[in-house]
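# Summary of the model geometry
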Amino acid sequence: MTTSDGTRYKYNGIWSFMAQGTLKSGTVININDYSITPYIKGGYMYSHSNSSDYIQANELQIPTARIDGDYWLIGGGIGAEYKNHLGAYAEYEYMTGGNMEQPYRFTIGAKYSW
């Protein structure tokens, strides 16, 4: 293969496998037409791929990012619903292990059902 500047390189592609299990525990607090659900969660993730440590480009060896290994995650969040039609949630997650650390991941969402 050749890049736009004419550099030739060899890369055979990769395949990967990832498995994750998460346990979430919380409670539902009902107040009139509202329900609030605080929760905590923890989990384990395993990742494996056949990628090599380097891509060969002419005389250079370019290192690749490896994410193989075991990862642990912890987090928590809160969800809220109004009359089972309108809902929102916010969540925080921390993950570490393998060759990577993700110090934070925030997720927010909303739903409306009729």
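Parameters at a glance
- Residues numbered from 1 in each chain as written.
- Predicted model: local features only at pLDDT ≥ 70, side-chain atom pairs only at ≥ 80, totals over all residues.
- Heavy atoms only, no water.
- Helix = DSSP H or I, 4+ residues; strand = E, 2+ residues; numbered from the N terminus.
- Polar contact = N/O pair within 3.5 Å; in protein donor to acceptor, adjacent residues only side chain to side chain.
- Contact = heavy atoms within 4.5 Å.
- Salt bridge = Lys/Arg side-chain N within 4 Å of Asp/Glu carboxyl O.
- Buried < 20%, exposed > 50% of the residue type's maximum accessible area, 1.4 Å probe, protein only.

Okay, the side chain of glutamate 91 next. Among the structural elements, glutamate 91 can be located in strand E8 (residues 86-97). Of note is the side chain of glutamate 91, whose polar atom sits 2.6 Å from the side chain of tyrosine 39. When neighbours within four sequence positions are excluded, glutamate 91 is seen to be in contact with Tyr39, Lys41, Gly76, Gly77, Arg105, Phe106 and Thr107.

Turning our eyes to something else, we now look at the pattern of salt bridges. Counted under the stated rule, the structure contains 5 salt bridges. As a salt-bridge pair, lysine 41 and glutamate 91 come within 3.2 Å of each other at their nearest N and O atoms. Taken as a pair, lysine 41 in strand E4 (residues 34-49) and glutamate 91 in strand E8 lie far apart in primary sequence, 50 residues in all. Both residues of the pair, lysine 41 and glutamate 91, count as buried. Taking the shortest distance from any N to any O, the salt bridge between arginine 105 and glutamate 93 comes out at 2.4 Å. Here arginine 105, found in strand E9 (residues 100-112), pairs with glutamate 93, found in strand E8; they are 12 residues apart in sequence, far enough to count as distant. You can call glutamate 93 buried: its relative accessible area is 3%. Here the salt bridges share partners, and the residues they tie into one network are Lys41, Glu91, Glu93 and Arg105.

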